[in-house]
Amino acid sequence: MLERVDITYISPCLAEPDKIRLKARLGKSIEEVLPYLNAVMEGASFNPAVPCITIRRDFRVLTLYPEELTMIKAENSTDAMQVIEWLKKQIRDIWERKDEITPDYTRSEKPHPLMIYKQLPGTNCGACGETNCMAFAFKLLGGEQEVDNCRPLKEGDYLESREMLNNLFVS
Amino acid sequence: MAIYLDNAATSYPKPEAVYQAVEDYQRNIGVSPGRGAYQRAIQAEQLVFNTRRALGQLFNISDLSRIIFTANVTEALNLALKGLLGPEDHVITTSIEHNAVWRPLMHLKKERNIRVTRLANPEGCQLDVAELEEVLGPGAELVVVNHASNVTGAIMPLQEIGSLCQEYEVPLLFDSAQTAGVLPIDVEKAGISLLGFTGHKGLLGPTGTGGLYLAPEIELKPLKEGGTGSKSYLETQPEDLPDRYESGTPNTMGLAGLKAGVEYILDRGLDEIRARELQLTEMLLEKLNRLEGCEVYGPGSARERVAVVSFNLASIPAAEAAYVLDEVYDIMVRAGLHCAPVIHRELGLENRGSLRVSPGLFTEKEELDQLEKALEEILAR
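Just so we're clear, the structure is a prediction, and the values are computed from it rather than from any experiment.

A. Representation of the overall build of chain A within the structure. Counting its regular elements, chain A contains 6 helices and 6 strands. Secondary structure elements of chain A, listed N to C terminal, follow the sequence β-β-α-β-β-β-β-α-α-α-α-α. Computed over its C-alpha atoms, the radius of gyration of chain A comes to 16 Å, within 12% of the 16 Å expected for a compact globule of 171 residues. C-alpha atoms of chain A, sized along the principal axes, occupy 50 × 35 × 25 Å.

B. Region of the structure containing the domain arrangement of chain A. Residues and elements named next belong to chain A. What the domain assignment lists for chain A is domain 1 (5-100) and domain 2 (113-169). Tallying the contact residues gives 13 residues for domain 1 and 9 residues for domain 2. Three residues stand out in domain 1 for area buried against domain 2, namely Leu 14, Arg 21 and Ile 72, and they jointly supply 38% of the buried area on that side. Our enumeration of links across domain 1 and domain 2 arrives at 3 residue pairs in polar contact (both at pLDDT 80 or more). Among the secondary structure elements, those contributing two or more residues to the side of domain 1 that touches domain 2 are strand 2 (20-26), strand 3 (45-47), strand 4 (52-57), strand 5 (60-64) and strand 6 (68-74). Of the residues that constitute the side of domain 1 that touches domain 2, the class distribution is 6 nonpolar, 4 polar and 3 charged.

C. Inspection of the interface of chain B and chain A at higher detail. With 17 residues of chain B at the interface, the matching set in chain A holds 14 residues. Together chain B and chain A conceal approximately 1,400 Å² of surface at their shared face, both sides included; 52% is due to carbon and sulfur atoms. Here Glu 85 of chain A makes a salt bridge to Arg 53 of chain B, at a shortest N to O gap of 3.0 Å. Inspection of the region where chain B meets chain A yields 10 residue pairs in polar contact (both at pLDDT 80 or more).

D. The sheet that holds strand 6 (residues 172-175) of chain B, seen in detail. Residues and elements named next belong to chain B. Judged by pairing direction, the sheet is mixed, and its 7 strands sit side by side in the order 2-8-7-6-5-3-4 without closing on themselves. Each having just a single partner strand, strand 2 (67-70) and strand 4 (115-119) make up the two edges of the open sheet. The average angle at which neighbouring strand axes cross in this sheet is 20°, direction not considered. In the sheet, strand 2 pairs with strand 8 (residues 210-214) via 4 bridges, with the strands oriented antiparallel.

E. Structural detail: the pairing of strand 5 of chain A. Residue and element names in this part refer to chain A. Counting buried positions along strand 5 yields 5 of 5 residues, so the element is predominantly enclosed. Because side chains alternate across strand 5, one face comprises the buried residues Arg 60, Leu 62 and Leu 64, and the other comprises Val 61 and Thr 63, equally buried. Hairpin remark: strand 4 followed by strand 5, antiparallel, with 2 residues in the connecting loop; positive phi at Asp 58, about 50°. With 4 bridges joining them, strand 5 and strand 6 adopt antiparallel strand pairing. Following the sheet pairing, Leu 62 is matched in strand 6 by Met 71. Hairpin connection of strand 5 to strand 6: 3 residues between the antiparallel strands.

F. Structural view of the environment of Thr 70 of chain B. All names here are of chain B. Relative to the helices and strands, Thr 70 is located in strand 2. Judged by relative accessible area, Thr 70 falls into the buried class, the value being 8%. Each C-alpha atom of the pair Thr 70 and Gly 191 lies 22 Å from the other, and the pair is 121 residues apart in sequence. Look past the residues within four positions of Thr 70 in its chain and what remains in contact with it is Glu 75, Ala 76, Gly 208, Thr 209, Gly 210 and Gly 211. Looking at Thr 70, its side chain comes within polar contact range of the main-chain oxygen of Asn 72, at 2.8 Å.

G. Expanded view of the packing of helix 2 (residues 77-96) of chain A against helix 2 (residues 39-59) of chain B. For the pair helix 2 of chain A and helix 2 of chain B, interaxial distance at closest approach is 10 Å and the crossing angle is 65°. Classified by the angle between their axes, helix 2 of chain A and helix 2 of chain B sit roughly perpendicular to one another. Relative to helix 2 of chain B, the crossing made by helix 2 of chain A is right-handed. Across the interface between the two elements, Ser 77, Thr 78, Met 81, Gln 82, Glu 85 and Lys 88 of chain A of helix 2 of chain A pack against Ile 42, Glu 45, Gln 46, Phe 49, Arg 52 and Arg 53 of chain B of helix 2 of chain B. Of the residues in the contact of helix 2 of chain A with helix 2 of chain B, the class split is 3 nonpolar, 4 polar and 5 charged.

Calculation notes
Residues numbered from 1 in each chain as written. Chains lettered and ligands numbered in written order. Predicted model: local features only at pLDDT ≥ 70, side-chain atom pairs only at ≥ 80, totals over all residues. Heavy atoms only, no water. Helix = DSSP H or I, 4+ residues; strand = E, 2+ residues; numbered from the N terminus. Rg over C-alpha atoms; globule rule 2.2 N^0.38 Å. Domains from an automatic or database assignment. Contact = heavy atoms within 4.5 Å. Buried area = accessible area lost by both parts, 1.4 Å probe. Polar contact = N/O pair within 3.5 Å; in protein donor to acceptor, adjacent residues only side chain to side chain. Nonpolar A, V, L, I, M, F, W, Y, C, P; charged D, E, K, R; others polar. Salt bridge = Lys/Arg side-chain N within 4 Å of Asp/Glu carboxyl O. Pairing = 2+ DSSP bridges. Axes fitted to C-alpha atoms, helices over the stretch in contact; angles between N-to-C directions. Buried < 20%, exposed > 50% of the residue type's maximum accessible area, 1.4 Å probe, protein only. Parallel < 35°, antiparallel > 145°, perpendicular 65-115°, else oblique. Left-handed = near helix turned anticlockwise from the far one by under 90°.

Rendered as structure tokens:
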């Protein structure tokens, strides 16, 4: 199912410079696999509106789109490539058993506010109109705020965090 | 046509795919892995990773970041011994060790006052596993064993040694220079804590490649520090593997070839490769045993050896016989102590050395026939 994954970009993570982040292009679309991954993988966060799914491998976070993937917090490039090999195997195994799996097309439940808070710059600048970042996180979850209202997130170098939050809240 | 029978030193020729992989890397990629943010650097990095993946499959290594690439098995063994052993540590080893183990051990004896217990390999053959258990009893910091002798070809009982080391909780450093790519080595099943391997022999890769596998519980001091292409803001060596032990631009060209070599082995299968080697070794032993005045060292049966056979021809000095073989018959063999003085001393050959013939995967039976004829003529002179 997923044989080719071509890494197109590797650089240090912005929040944790001792870890790396990367982007990769997939050899073919895995769009139809995403609901199966959502059904099987523990802790996966699926948003059919994008569509994309975020999964974890220990401390690394992967977001899979139909033809692309991103990974953050990998130890180094060897580690990241090893995680990609793991992912390929997961997808291969799941696709082989697809007749036994009931795909889950539903959007994952809203994440914990702390998880949202961790993705924010943490400046407590108030530019969004909230008293601090934690308050902004709660409002985001409640649908009373928008990701783009966080000015540091938009203007600073927080590409993955912004992308991850957008993926969560796109409807 | 020249006949090459020194595969125990370096295998030659290589599978066609190995030459192609080296050329392809040099012409079409050619850049440092992980040192640039451009596509080619990522491709080079992926190539190095794919070499790790192939080796992981061959040796059943699940965490590929624990495979450290080195210039050869000598560097791997130096990293293991110097990175692991501390003052007054006790090391158990055998008599068939190569100088790649002996010399670092002798250096550490002087520098860190380590204690070395050497097990006997009577007649250049098997060590006595009961003797190993006896010396393991009082405890040791490390056991170092050569999987097969590069002089007599004798194969050591990996599984038994590994089980004993696990039972006594002493890490096992295993030198697979003569066996990787020929005999099955499963690091998990065999209980190997550190596996040294070289790329240019049985793994069919280019010279200048090799490595060391470290089990999860093994913690080593690096042999060198320097640029890793990662975490460059740190003034000190990064802690993450494999970068911690892989400073400096790697031999990517060599690793490209090594990947092709290992993939060739995985594709052909160890069973078939070993069967071919056994066939040639049996044939060689038969021929040598037929020659009057030829004294063969090590196990009598091919099954107890890798394709390495050392011998002497009556009282003809080994170096002289090797010279005549090369000069007159265009046959390449090795003469001397083969960097293994201890086993030669045990065999009573310290002043004499031996002549060593090691066929390879691509050796033809006819080439052994020609060797036989040449040896007959040399003996009849």
